[in-house]
Amino acid sequence: MDWINYHHLLYFWTVVREGGVSRAAEKLSLAQPTVSAQIKQLEDVIGEPLFDRQGRRLALTDVGRMVYRYADEIFVIGRELTETLKGRPAEGRPMPLTVGVANAVPKLVVHRLLQPAMSGSLNLRLTCREDSTETLLGELATHALDVVIADEPAPPHVRVKAFSHLLGESDTSFFAAPPLAKQLKKRFPTSLNEQPILLPTGHTALRRAIDQWLETEHLHPRIVGEFDDSALMKAFGEAGTGAFPAPSAIESEVTRQYGVQVVGRVSTIRERYYAISVERRVKHPGVIAITTAAKRDVFL
């Protein structure tokens, strides 16, 4: 089968919506024979009739109904694309916002960053994808993502033209379940020596910063677990397995959600978060809302 001509499909779609060839021709500012000829060409390409011609009345065949459903979706998406490129969502339809989230970024931080965009006046449909930063940057390069939220700027060895926008930074707090927290609060951080601790895996910026801090402070805790998933790390911390780190910016959320207590804060371990885009100056309204709120409300 040859490629379907977009204009032929448009004429067919208009005939169905307008209820006849004459009304469609008027809508399209074309002569009726022209519209009829275009639909005939579409039928020739498809290889089956789209209409069952019953006198002057046109009724869709089974194939015609299927083609119309696809055509309707195509033109709805086409209108949405046009409006999105103009910087506003198609009327009545949410604007897509597809966000890549690096594994190392705590999900409570992601929620704090994305919530302003979702709760504001923007009509958005959010899709979040989680993976390694390098994998997400590959998707960003193909425009499968609008933005990537990461704990580091785009690495120079990745062959993707990307711009890293600092959202903010936070001190690091250590948390533990109440019985362990009571013990560790005394003489923190020295109290961490020989005590169970849960940490991110070694490839993260936070882990590297913590390792350096432990070495500088001559601290030797017992590392009982390492995690790619920060939420899983917090769940083990909630169960009393060990103390764990998280950004001080989300202390209230961590203590409330996991029933843990703050053991102590470390100002020298700074966690930074970035919005990585293919644009030097972001244009997507949802991304603008994220970056604006991050600097104004999240990282004070």
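Everything here concerns the structure above.
Residues numbered from 1 in each chain as written. Predicted model: local features only at pLDDT ≥ 70, side-chain atom pairs only at ≥ 80, totals over all residues. Heavy atoms only, no water.

J.: Would you mind going over the overall build of the protein chain with me for this structure?
T.: Summing up its helical and strand segments, the protein chain has 11 helices and 10 strands in all. Relative to its length of 300 residues, the protein chain is extended, with a C-alpha radius of gyration of 28 Å against a globular reference of 19 Å. With the C-alpha coordinates of the protein chain rotated into their principal frame, the extents come out at 90 × 35 × 35 Å. Within the protein chain, buried positions represent 44% of all 300 residues. A sequence separation of at least 24 residues applies to 73% of the contacts in the protein chain between residues at least 6 apart. Split by element, the accessible area of the protein chain, about 16,300 Å² in all, is 50% carbon and sulfur. Of the side-chain charges in the protein chain, 36 are positive and 35 negative, and the distance between the mean point of each set is 5 Å. (Helix = DSSP H or I, 4+ residues; strand = E, 2+ residues; numbered from the N terminus. Rg over C-alpha atoms; globule rule 2.2 N^0.38 Å. Buried < 20%, exposed > 50% of the residue type's maximum accessible area, 1.4 Å probe, protein only. Contact = heavy atoms within 4.5 Å. Areas by Shrake-Rupley, 256 points an atom, 1.4 Å probe, with all protein chains shown as cover. Lys, Arg positive; Asp, Glu negative; His and termini not counted. Charge placed at Lys NZ, Arg CZ, Asp CG, Glu CD.)

J.: I keep staring at the nonpolar core and nothing clicks. Help me out?
T.: Taken as a class, soluble globular proteins show a tendency for nonpolar side chains to be buried jointly. Counting residues in each nonpolar core, the largest one holds 44 residues, and the members touching the most others are Val105, Leu113, Val254 and Phe299. Examining the composition of this core, we find that 6 residues originate from one element, helix α5 (residues 107–119), more than from any other. Once residues lying within four places of it in the same chain are set aside, the contact partners of Val105 are Val110, Ile149, Ala150, Asp151, Ser230 and Tyr273. (Core = buried A, V, L, I, M, F, W, Y, C linked by side-chain atoms within 4.5 Å.)

J.: I'm lost on the sheet that holds strand β4 (residues 124–131) in this one. Help?
T.: Pairing between the strands of a sheet comes from backbone hydrogen bonds, and it takes one of two forms, parallel or antiparallel. Taken in spatial order, the 6 strands make up an open sheet running β4-β3-β5-β10-β6-β9, and their pairing is mixed. With one partner strand each, in any of the chains shown, β4 and β9 (244–247) form the two edges of the open sheet. Across this sheet, the average inter-strand angle for adjacent strands is 25 degrees, counted without regard to direction. With 12 bridges connecting them, strand β6 (residues 163–176) and strand β10 (residues 261–277) associate as antiparallel partners. Counted as the bridge partner of His165 is Ala275 from β10. (Pairing = 2+ DSSP bridges. Axes fitted to C-alpha atoms, helices over the stretch in contact; angles between N-to-C directions.)

J.: I'm lost on the environment of Val76 in this one. Help?
T.: Along the polypeptide, Val76 turns up in helix α4 (residues 62–85). Linking Val76 and Ile250, residues 174 residues apart in sequence, is a C-alpha distance of 40 Å.

J.: I would appreciate a short explanation of the packing of helix α1 (residues 6–18) against helix α2 (residues 21–28) in the present structure.
T.: Any two packed helices are characterised by how steeply their axes cross, that is the angle between the axes, and by the distance between the axes. Packing of α1 against α2 brings their axes to within 8 Å, and their N-to-C directions diverge by 120 degrees. Taken together, α1 and α2 sit at an angle that is classed as oblique. Relative to α2, α1 is oriented so that their crossing is right-handed. Of α2, the residues touching α1 (which contributes Tyr11, Thr14, Val15 and Glu18) are Val21, Arg23, Ala24, Lys27 and Leu28. Along the lines of polarity and charge, the residues of the contact of α1 with α2 split into 5 nonpolar, 1 polar and 3 charged. (Parallel < 35°, antiparallel > 145°, perpendicular 65-115°, else oblique. Left-handed = near helix turned anticlockwise from the far one by under 90°. Nonpolar A, V, L, I, M, F, W, Y, C, P; charged D, E, K, R; others polar.)

J.: Where do I start with the pairing of β6 in this structure?
T.: Each regular strand shows side chains that alternate between the opposite faces of the sheet. Counting buried positions along β6 gives 10 out of 14 residues, so the element sits mostly inside the fold. As paired elements, β6 and β9 share 4 bridges and run antiparallel to each other. Directly across from Thr172, in β9, lies its bridge partner Pro247.

J.: Quick question: what am I supposed to make of a nonpolar patch on the surface here?
T.: Together, Tyr6, Met66, Tyr70 and Ile74 line one region of the surface with nonpolar side chains, adding up to about 440 Å² of accessible area. When residues of the nonpolar patch are assigned to their parent elements, the largest contribution, 3 residues, is made by α4. Examined against the element boundaries, Tyr70 turns out to sit in helix α4. (Patch = residues over 30% accessible without salt bridge, like charges linked within 9 Å, V, L, I, M, F, W, Y side chains within 5 Å. Salt bridge = Lys/Arg side-chain N within 4 Å of Asp/Glu carboxyl O.)

J.: Help me understand the side chain of Asp151, please; the structure alone is not making it clear to me.
T.: Here Asp151 is to be found in the loop between β5 (147–150) and β6. One buried charged residue, Asp151, forms no salt bridge at all, with the nearest opposite charge on Arg208 at 6.3 Å. Ignoring sequence-local partners within four residues, the contact set of Asp151 consists of Ala104, Val105, Thr204, Ala205, Leu206, Arg272, Tyr273 and Tyr274.

J.: Looking at this structure, I do not really get helix α10 (residues 251–258). What am I missing?
T.: At 3.6 residues per turn, the α-helix brings residues three or four places apart onto the same side. Among the residues making up α10, those that are buried are Glu251, Glu253, Val254 and Tyr258. Across the axial projection of α10, the buried residues extend over an arc of 165 degrees, all falling on one side. Against the buried residues of α10 lie α5, β6, α9 (230–238), β9 and β10. Of the residues flanking the end of α10, it is Gly259, one or two places downstream, whose phi is positive at about 65 degrees. (Arc of directions from axis to C-beta.)

J.: Please explain unusual backbone geometry as it appears in this structure.
T.: For residues that are not glycine, phi is negative in most cases, and the peptide bond is trans in most cases. Across the junction of Phe188 and Pro189, the peptide omega takes the value 10 degrees, indicating a cis bond. With respect to the helices, strands and loops of the structure, Pro189 is situated in the loop between α7 (178–184) and β7 (196–200). At Arg187, a residue that is not glycine, the phi angle is positive and equals roughly 60 degrees. Structurally, Arg187 is set in the loop between α7 and β7. The backbone of Glu194 shows a phi angle near 65 degrees, a positive value even though the residue is not glycine. With respect to the helices and strands, Glu194 occurs in the loop between α7 and β7. Glu194 gets classed as exposed once you look at its relative accessible area, which sits at 52%.

So, to be careful, I would describe these as geometric facts and stop short of saying anything about function.
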